[in-house]
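# Chains, contacts and geometry: an overview
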Amino acid sequence: MSTLWQTIQYKMLRSGSKLNLLIGINIIVFLLINIPSTLETLLFGSHSITLFSDEYLRLSAYLPKLPLRFWTPLTYMFMHDGIFHILFNMLWLYWFGQIFEEYLGKKRTLGLYLLGGFTGAALFILSFNTFPFFTHANAAYYSSMVGASASVMAIMVATATLLPDYTISLIFIGPVKLKWLILAFIVIDFLGIVGPNAGGEIAHIGGGLMGYIYIKQVQRGNDWIGSMANMFKPKSKLKVVSKNPSKNSSDFPRQEEIDLILDKISQSGYDSLNKQEKEILFRASNNEG
């Protein structure tokens, strides 16, 4: 058991991958809420834990309630309604997150996850308080939301925007390019806006929109998340001077080179890169991880 716990700790905290950290937090939160809740129901027939988490951790669309639960735009994106809800969210996060970190490094995953979640929350609240379909029924008063879907959608759309022709194989379907897979998700979400999970579908679209905007800005040289990560990165007080002339600044790709390669991937796909461009992208990913 101690070895298993050490492995989990390493994956979450020391591997350098924010993807492992996010998946670990989601699973831990889910278990901390649902295991005691299940035991409470079995032993006492009550649901106080579930009622408490719904009241204080879910995101409500009701504006007067938000100042009293100001933390819920953060907590909602680490909660899930059931085992299949968290299972599929974590699977999509893992599959697309691996591709995202492979091409953009490991320091951007957490930032985009949070930005996507906040954008999804904002669009959910805005929609339920402005669109007549929701305001006529006073839907905001009764509506709340949980789930990492908006955050996951941000990473999925960002990956597909960066690598539209990247192909993955799906069970029962076969090889599918990311751009077509994401387009299918967006169409399904849009058609579901007036359905029983309207809030979730709206949040998906909000998260996806953030993922798209972020990658487009990166391709223009504006990497908000990368810049913020560098601000909080500890600076070394030691200055290392290399005496080997073969080890110089050319070993570290310039941002202009990276931007050009990302543009080429967006337009023609990863396979269009030559060997030198792939090596530059690989070094950049390792340096930023």
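The structure under discussion appears in the preceding block.
A brief structural summary.

Calculation rules
Residues numbered from 1 in each chain as written. Predicted model: local features only at pLDDT ≥ 70, side-chain atom pairs only at ≥ 80, totals over all residues. Heavy atoms only, no water. Buried < 20%, exposed > 50% of the residue type's maximum accessible area, 1.4 Å probe, protein only. Helix = DSSP H or I, 4+ residues; strand = E, 2+ residues; numbered from the N terminus. Pairing = 2+ DSSP bridges. Expected span 1.5 Å × (residues − 1). Polar contact = N/O pair within 3.5 Å; in protein donor to acceptor, adjacent residues only side chain to side chain. Contact = heavy atoms within 4.5 Å. Axes fitted to C-alpha atoms, helices over the stretch in contact; angles between N-to-C directions. Parallel < 35°, antiparallel > 145°, perpendicular 65-115°, else oblique. Left-handed = near helix turned anticlockwise from the far one by under 90°. Nonpolar A, V, L, I, M, F, W, Y, C, P; charged D, E, K, R; others polar. Phe/Tyr/Trp six-rings, centres within 6.5 Å; stacked < 30°, edge-to-face > 60°. Salt bridge = Lys/Arg side-chain N within 4 Å of Asp/Glu carboxyl O. Bend = angle between axes of the 7 residues up to and from the residue. Core = buried A, V, L, I, M, F, W, Y, C linked by side-chain atoms within 4.5 Å.

Turning to the pairing of strand E3 (residues 167–170), a few remarks are in order. Taking every second residue as pointing to the same face, the buried face of E3 carries Ile168 and Leu170, while none of Thr167 and Ser169 on the other face is buried. Sheet analysis places E3 next to strand E4 (residues 174–177), joined by four bridges and oriented antiparallel. In the strand pairing of E4, Ser169 is matched with Pro175. In this structure, the hairpin formed by E3 and E4 is closed by a connection of three residues, where Phe172 is found at a positive phi of approximately 70 degrees.

Phi is positive for Asn138, which is not a glycine, with a value near 55 degrees. Asn138 gets classed as partly exposed once you look at its relative accessible area, which sits at 41%. Unlike most non-glycine residues, Phe172 shows phi in positive territory, near 70 degrees. Checked against the element boundaries, Phe172 lands in the loop between E3 and E4.

On to helix H2 (residues 18–44), then. For H2, which comprises 27 residues, the first-to-last C-alpha distance of 39 Å matches the rise-based estimate of 39 Å (1.5 Å per residue) to within 8%. Taken together, the buried positions of H2 are occupied by Leu19, Leu21, Leu22, Ile23, Gly24, Asn26, Phe30, Ile33, Ser37 and Glu40. Taking the backbone nitrogen of Leu19 as reference, a side-chain oxygen 3.3 Å away marks Ser17 as the first, capping residue of H2. At the C-terminal side of H2, Gly45 shows a positive phi close to 70 degrees.

Here the focus is the environment of Ala148. Along the chain, Ala148 turns up in the loop between strand E2 (144–145) and helix H9 (149–162). The spatial distance from the C-alpha of Ala148 to the C-alpha of Ala203 is 9.7 Å, given a sequence separation of 55 residues. Other than its neighbours up to four places away in sequence, Ala148 contacts Asn26, Met77, Met79, His80, Asn89, Met90 and Tyr113.

What follows covers the packing of helix H6 (residues 109–128) against H9. Close contact between H6 and H9 brings their axes to 7 Å; oriented N to C, the two are set at 120 degrees. One way to sum up the angle between H6 and H9 is to call them oblique. Seen from above, H6 lies across H9 with right-handed handedness. Two secondary-structure elements touch here, H6 through Thr109, Leu112, Tyr113, Gly116, Gly117 and Gly120 and H9 through Ala150, Ser151, Ala154, Ile155 and Ala158. Looking at the contact of H6 with H9 residue by residue, the class counts come to six nonpolar, five polar and no charged.

Centre-to-centre distance and the angle between the planes together describe a pair of aromatic rings. Considering all chains together, one arrives at 14 aromatic pairs under this definition. On the numbers, 5.2 Å between centres and 90 degrees between planes, the contact of Trp92 with Phe185 is edge-to-face. With a gap of 93 residues between them, Trp92 in helix H5 (residues 83–104) and Phe185 in helix H10 (residues 178–191) connect regions that are remote in the sequence. You can call Phe185 partly exposed: its relative accessible area is 22%. Through a chain of ring-to-ring contacts, three or more aromatic side chains come together here, namely Trp92, Trp95, Phe96 and Phe185.

Once that is clear, we can look at the pattern of salt bridges. Within the structure shown, the criterion is met by seven salt bridges. Residue Arg58 is joined to Asp81 by a salt bridge in which the shortest nitrogen-to-oxygen separation is 3.0 Å. You can see Arg58 sitting in the loop between helix H3 (48–57) and strand E1 (59–60) and its partner Asp81 sitting in the loop between helix H4 (72–75) and H5, a full 23 residues away along the chain. When its relative accessible area of 15% is taken as the criterion, Arg58 is described as buried. Of the residues examined, Asp81 reaches a relative accessible area of 53% and is grouped as exposed. For Arg108, the salt bridge is made with Asp223, and the minimal N-O distance between the two is 2.6 Å. Remark: Asp223 occurs in the loop between helix H11 (198–219) and helix H12 (224–232) and Arg108 occurs in the loop between H5 and H6; sequence separation between them is 115 residues. The pair formed by Arg108 and Asp223 is uniform in burial state, with each residue classed as buried.

Right, let's get into H5. Helix length check: H5, at 22 residues, gives a terminal C-alpha distance of 30 Å against a target of 32 Å (1.5 Å per residue), a fit within 8%. The sharpest bend along H5 reaches about 25 degrees and sits at Gly97. Of all the positions in H5, only Ile86, Asn89, Met90, Trp92, Leu93, Phe96, Gly97, Ile99, Phe100, Glu101, Tyr103 and Leu104 are classed as buried. One or two steps after H5, the chain reaches Gly105, where phi turns positive at roughly 85 degrees.

Core analysis: the biggest nonpolar cluster contains 63 residues, and Leu59, Leu93, Phe100, Leu112, Tyr113 and Phe128 have the highest contact counts within it. Apart from residues lying up to four places away in sequence, Leu93 is in contact with Leu19, Leu22, Ile23, Gln98, Tyr113, Val152 and Ile155.

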